[in-house]
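Read off the chains here:
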Amino acid sequence: MDSAAVLRWYDRYARDLAWRTGPAERARGDAPDPYRVWLSEVMLQQTTVATVGRYFARFTSLWPTVFDLAAAPLDAVLVEWAGLGYYARARNLHACAVAVVEHHDGVFPKTSNALQALPGIGAYTSAAIAAICHDEPIAVLDGNLDRVLARYYRLDVPVREAKETLRAALQTVIPARAGDFAQAMMDIGATICTPRKALCTSCPLRSGCLARTTENPTLFPIKAQKTERPTRYGHAFVMFDGDGDIFLETRPDKGLLAKMTQTPTSEWTARPSDPRFPCPGYWQPHGRIVHVFTHFRLELEVWSIKLVDAAALEHGWWADPRAFGREALPTLFRKVLAQSGLA
DNA sequence: AAGGCGGGGTT
DNA sequence: AACCCAGCCTT
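Residues numbered from 1 in each chain as written. Chains lettered and ligands numbered in written order. Predicted model: local features only at pLDDT ≥ 70, side-chain atom pairs only at ≥ 80, totals over all residues. Heavy atoms only, no water.

Where an unreviewed UniProt entry is consulted, chain A appears under the name Adenine DNA glycosylase, with the organism given as Devosia algicola. Within the UniProt record for chain A, the comment given under Sequence similarities (unreviewed entry) is "Belongs to the Nth/MutY family." Taken verbatim from the UniProt record of chain A, the Function (unreviewed entry) comment is "Adenine glycosylase active on G-A mispairs. MutY also corrects error-prone DNA synthesis past GO lesions which are due to the oxidatively damaged form of guanine: 7,8-dihydro-8-oxoguanine (8-oxo-dGTP)." (UniProt positions renumbered as here; feature names shortened; annotations may be inferred.)

Set out below in structure tokens:
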């Protein structure tokens, strides 16, 4: 693989990203900030560049260093992470910041091996940080590289079955500018060798690419068989008082949307069921919302009620909808509240 | 090795 | 409506 061609391409066409120290800056001697690189990499796990942008700006504004983030309460981090999804990332992010401050004097470890021991940092993220920040010659393999390499080698099995083979192949072609090479390969995957289109004539890897000689390079990688997504059904209950404040509570410590904020809901079951309301009274129906998670689809009937005597409710709190920006409400429950018409 | 775990951009 | 995104962790 012509890694020199990849670097030449990167010097001309590198994406300009807020968390990136570009090739010109690197050449001038600017060093990436491991905190910002780490923060961006965690946010980018299974998340698009476009989505991450505003979250990255908000986090670095609130918490410019790992010390600031470690000193913040977890609840504050969850509030800012709300809407970004995969909330275990936010809990691990905070735990990682605390670990870096307490066990590493606030300095991120420099090797991928040491980085991978930290919470929320796996094979990809550890390699990415070490390569980008310290030019460690290690294979950085994300979803983009899975696709680019599956096409380059015309891989005839699903990537998950050949991940280590791809890693070994990539490992042998890493040039001295390991960080720029890693980012270049990801940029190629994001802008040239995309899932549904392959702009092979513009690709610096075109000379050795095996899929390029096939009729349709986008047939690679071979997809694993997809499992169908079941639907679950339930009810969501929006309770408001005379001031228009709405009753919220915290979800359990584990499982889906752990430790995030919600309105009360029923169990979510395989079949629709009649609502069992949290309290008696006149519950007004607001129709249904649909929300799609990774492994199931959820349909919730939304109900609301005005409570005169709110004192009976336990383990929760009343919040002004105008201040919902300070609540750790995932998108699902923002949809519920919007559907109720009360927030 | 397989499945749980969000949400949105793109096509 | 389907696909998939700078994956990690648990079982």
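Let's shift gears to the side chain of D146. Relative to the helices and strands, D146 is located in helix 10 (residues 143-152). Only 3.1 Å separates the side chain of D146 from the side chain of K163, close enough to count as a polar contact. Each residue touching D146, except ones within four places of it in the same chain, is listed here: L141, V159, K163 and L166. (Helix = DSSP H or I, 4+ residues; strand = E, 2+ residues; numbered from the N terminus. Polar contact = N/O pair within 3.5 Å; in protein donor to acceptor, adjacent residues only side chain to side chain. Contact = heavy atoms within 4.5 Å.)

The next subject is the protein's contact with DNA strand B. If you check the shell around DNA strand B, you find 20 residues, and the closest are Y87, L257, H291, T294 and H295. T294 has a polar side-chain atom sitting 2.6 Å from a base nitrogen of DNA strand B. Between a phosphate oxygen of DNA strand B and a main-chain N or O atom of T331, the distance comes to 2.8 Å. The residue makeup of the surface near DNA strand B, split by class, is eight nonpolar, nine polar and three charged. (Near = heavy atom within 4 Å. Nonpolar A, V, L, I, M, F, W, Y, C, P; charged D, E, K, R; others polar.)

Glancing now at the pattern of salt bridges. This structure, assessed with the given rule, holds 13 salt bridges. E80 is paired through a salt bridge with R58; the nearest N and O atoms lie 2.9 Å apart. Residue E80 is found in helix 6 (residues 74-81), and its partner R58 is found in helix 4 (residues 49-62); the two are separated by 22 residues along the sequence. The buried category is assigned to E80, whose relative accessible area is 17%. R297 is the partner of E299 in a salt bridge, and the nearest nitrogen-oxygen pair spans 2.8 Å. When its relative accessible area of 28% is taken as the criterion, R297 is described as partly exposed. Members of the salt-bridge network, linked through shared partners, are R288, R297, E299 and E301. (Salt bridge = Lys/Arg side-chain N within 4 Å of Asp/Glu carboxyl O. Buried < 20%, exposed > 50% of the residue type's maximum accessible area, 1.4 Å probe, protein only.)

We now examine the packing of aromatic side chains. A complete count under the given rule lists 15 aromatic pairs for this structure. Consider the rings of F59 and W81, whose centres lie 5.7 Å apart with planes at 85°: the pair is edge-to-face. With F59 in helix 4 and W81 in helix 6, this residue pair connects regions lying 22 residues apart in the sequence. By relative accessible area, which is 0% here, F59 ends up buried. Its relative accessible area of 0% is what places W81 among the buried residues. (Phe/Tyr/Trp six-rings, centres within 6.5 Å; stacked < 30°, edge-to-face > 60°.)

It is worth spelling out the domain arrangement of chain A at this point. Assigned domains within chain A: domain 1 (3-142 + 159-187) and domain 2 (231-340). Distance from the C-alpha centre of domain 1 to the C-alpha centre of domain 2: 35 Å. Taken residue by residue, the interface counts eight residues in domain 1 and 13 residues in domain 2. Both sides of the domain 1 and domain 2 interface together cover about 750 Å² of buried area, and 65% of this is carbon and sulfur. Broken down residue by residue, the surface that domain 1 buries against domain 2 is led by V79, Y87 and R91, which jointly contribute 54%. Across the domain 1-domain 2 interface, the total number found is zero salt bridges. On the surface where domain 1 and domain 2 come into contact, there are two residue pairs in polar contact (both at pLDDT 80 or more). If one sorts the elements of the side of domain 1 that touches domain 2 by residue count, helix 6 sits on top with three residues. Split into classes, the residues belonging to the side of domain 1 that touches domain 2 amount to six nonpolar, one polar and one charged. (Domains from an automatic or database assignment. Buried area = accessible area lost by both parts, 1.4 Å probe.)

We now examine helix 9 (residues 123-134). Its twelve residues place the ends of helix 9 16 Å apart at the C-alpha level, agreeing with the 16 Å of an ideal helix rising 1.5 Å per residue. For helix 9, the full list of buried residues reads Y124, T125, S126, A127, A128, I129, A130, A131, I132 and C133. The first or second residue beyond helix 9 is D135, which carries a positive phi of 55°. (Expected span 1.5 Å × (residues − 1).)

In this fold, H94 is placed in helix 7 (residues 88-104). According to the relative accessible area criterion, H94 is buried, its value standing at 13%. A polar atom in the side chain of H94 sits 2.6 Å from the backbone oxygen of A72. Each residue touching H94, except ones within four places of it in the same chain, is listed here: L69, A70, A72, P73, L74 and V77.

A word on the pairing of strand 5 (residues 297-306). Side chains on a regular strand alternate between the two faces of the sheet. For strand 5, a buried count of seven out of ten residues is recorded, marking the element as mostly surrounded by other parts of the structure. With ten bridges connecting them, strand 1 (residues 231-240) and strand 5 associate as parallel partners. For V238, the partnering residue across the bridge sits in strand 5 and is S304. (Pairing = 2+ DSSP bridges.)

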